[in-house]
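One-letter residues, chain by chain:
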Amino acid sequence: MAKKLKKRRWPKFILMALCCAAIILAILIGYVGRLEKEVSPLPYEEVYATSGRLSRNIRLVDKAISDGFYATGVPPEHIVFLSVIPRCNRGFHWDFSSIQATIPKGNSLVGVGEAIGSRIAALSIPVEITEAHHSPGEITYHVYCNGLFTHRLSLVGDGVPPPERLSRPKIGIIIDDLGYDGSLARAFMALDMPLTLSVLPFTPNSRAIAQRAQHEGCETMLHLPMEPIGYPSVNPGDGVLLVSMDKKTILEVLNDDLQQTPFVAGANNHMGSRFTENAEKMAIVLEALRKKDLYFVDSRTNSASVAFKTAQKMALKAAKRDIFLDNDLSENALKIQMERLLSVARHKGRAIGIGHPHKETLDLLKKYQSVLTDETEVVPVSRLVN
């Protein structure tokens, strides 16, 4: 009779060792992944439900205006954004746009206005377009979204000299809110453009990104968390400056934030709609930056911000944001915002746009890289501060 084979058994200590090794490996993989990309980064900008709905409606109006110009054959180079200004009313925050378009010969001002007006009227949102001025050579329309004045649109005849279009204007592009996704930060650094990288303090990769940017020759800023309206429900993260803080505490928090982000050339506010409207508190921060020979860029998250004006009074090197590039990540909205940035720069001679660490924003910059480098001069923001 054949001898029955005994089933081989692993010694208990080997099984326990294998289990421990598997657990340690899983922990290491999770830790490395956490270092490279935080699971849930904080919101990039201040988010309010009312303003969010208004912003979506404004973007629909932007597209209607753009489609109207395209349908009537108005070339993009005839369209100028004279200004894009943050406004606040009844708890709503938005960017007001003043647009002027020179209508080519053979097109009627009325026809272009009707093409745009019909597209706006077809939108299923609370919007109204009214004729504010009508003369043989110019028609001006006002657009109201949710009852708020959001657009001024001037159509002028071909005989009216268009606003001066400056060649090779300077453009600064800031990428805000870096500190979480290291690989995406490196992808922005790899672009053949001198972007300015704004790094949040107390994030998993704050120091690593700042150090890598220094090695790559990229200018960096401290993305300085400041108290927003709605704090603490709207949370700007660790290292935040609050209006309730005294001078000593503000300076201590600011110094801690700066130590988290080495090699910075300046700072801009992260959120901060409440803090930046307080001249006394802003003066404390700006004076400290001035002593360290750092510049400040007002992100203009609040139309009532006094940050830029206060910096000017103090003779601090400062600038202010013109365009947010990517509050809407749809392809059409991104294109409109980039064209808006280019238009403002061509009209003013310089402009500053702010984007965020999104793949869509990276793709947008790649798509427009030849336009930006051929038609403008992309520069570090330090070259645009006064």
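First, a word on what this report is: a plain description of the structure on this page.

What counts as what
- Residues numbered from 1 in each chain as written.
- Predicted model: local features only at pLDDT ≥ 70, side-chain atom pairs only at ≥ 80, totals over all residues.
- Heavy atoms only, no water.
- Helix = DSSP H or I, 4+ residues; strand = E, 2+ residues; numbered from the N terminus.
- Buried < 20%, exposed > 50% of the residue type's maximum accessible area, 1.4 Å probe, protein only.
- Polar contact = N/O pair within 3.5 Å; in protein donor to acceptor, adjacent residues only side chain to side chain.
- Contact = heavy atoms within 4.5 Å.
- Arc of directions from axis to C-beta.
- Axes fitted to C-alpha atoms, helices over the stretch in contact; angles between N-to-C directions.
- Parallel < 35°, antiparallel > 145°, perpendicular 65-115°, else oblique.
- Pairing = 2+ DSSP bridges.
- Salt bridge = Lys/Arg side-chain N within 4 Å of Asp/Glu carboxyl O.

1. Some details on the side chain of Thr 150
(1) Moving on: Along the polypeptide, Thr 150 turns up in strand β5 (residues 148-156).
(2) Moving on: The exposure class of Thr 150 is buried, given its relative accessible area of 0%.
(3) Moving on: Separated by 2.8 Å, the side chains of Thr 150 and His 151 make a polar contact.
(4) Moving on: In contact with Thr 150, other than residues within four places in its own chain, are Leu 54, Ile 58, Trp 94, Asp 95, Phe 96, Ser 97, Val 143, Tyr 144 and Cys 145.

2. A short note on helix α4 (residues 182-190)
(1) Moving on: For α4, every residue scored as buried is listed here: Gly 182, Leu 184, Ala 185, Phe 188 and Met 189. Relative to the axis of α4, the buried residues are bounded by an arc of 165° and lie together on one face.

3. Remarks on the packing of α4 against helix α10 (residues 359-367)
Two measures define how a pair of helices packs: the angle their axes make with one another and the distance between the axes.
(1) Moving on: Two elements in contact, α4 and α10, have axes whose closest approach is 11 Å; the angle formed by their N-to-C orientations is 10°. The orientation of α4 with respect to α10, classified from their angle, is roughly parallel. Counting all contacts with α4, which are made through Leu 184, Ala 187 and Phe 188, the residues of α10 involved are Lys 359, Thr 361, Leu 362 and Leu 365.

4. So, the sheet that holds strand β1 (residues 79-89)
(1) Moving on: With respect to topology, 5 strands assemble into an open sheet ordered β1-β2-β5-β4-β3, the strand pairing being mixed. Since the sheet does not close on itself, it has two edges, and those belong to β1 and β3 (127-135), each with one partner. Ignoring which end each strand starts from, the neighbouring axes of this sheet average 15° apart.
(2) Moving on: In the sheet, β1 pairs with strand β2 (residues 92-102) via 10 bridges, with the strands oriented antiparallel. In the sheet register, Ile 79 faces β2, and the bridge partner there is Ala 101.
(3) Moving on: Each of β1 and β2 touches helix α9 (residues 331-348); the most contacted strand, β1, lies at about 110° to it.

5. Let's talk about the pattern of salt bridges
(1) Moving on: Here the structure, examined in full by the defined rule, presents 15 salt bridges.
(2) Moving on: Put simply, Arg 321 and Asp 95 hold a salt bridge, and the shortest N to O gap is 3.0 Å. Of the two residues, Arg 321 sits in the loop between β11 (318-320) and β12 (323-324) while Asp 95 sits in strand β2, which places them 226 residues apart along the sequence.
(3) Moving on: The exposure class of Arg 321 is buried, given its relative accessible area of 1%.
(4) Moving on: Put simply, Glu 227 and Arg 274 hold a salt bridge, and the shortest N to O gap is 3.6 Å. A residue pair is termed long-range when its members are at least 10 positions apart, and Glu 227 in the loop between β8 (219-226) and α6 (247-260) and Arg 274 in the loop between β9 (266-271) and α7 (279-291) qualify at 47 residues.
(5) Moving on: Given the relative accessible area of 32%, Arg 274 is considered partly exposed.
(6) Moving on: Residues joined in a network through salt bridges with shared partners are Lys 170, Glu 377 and Arg 383.

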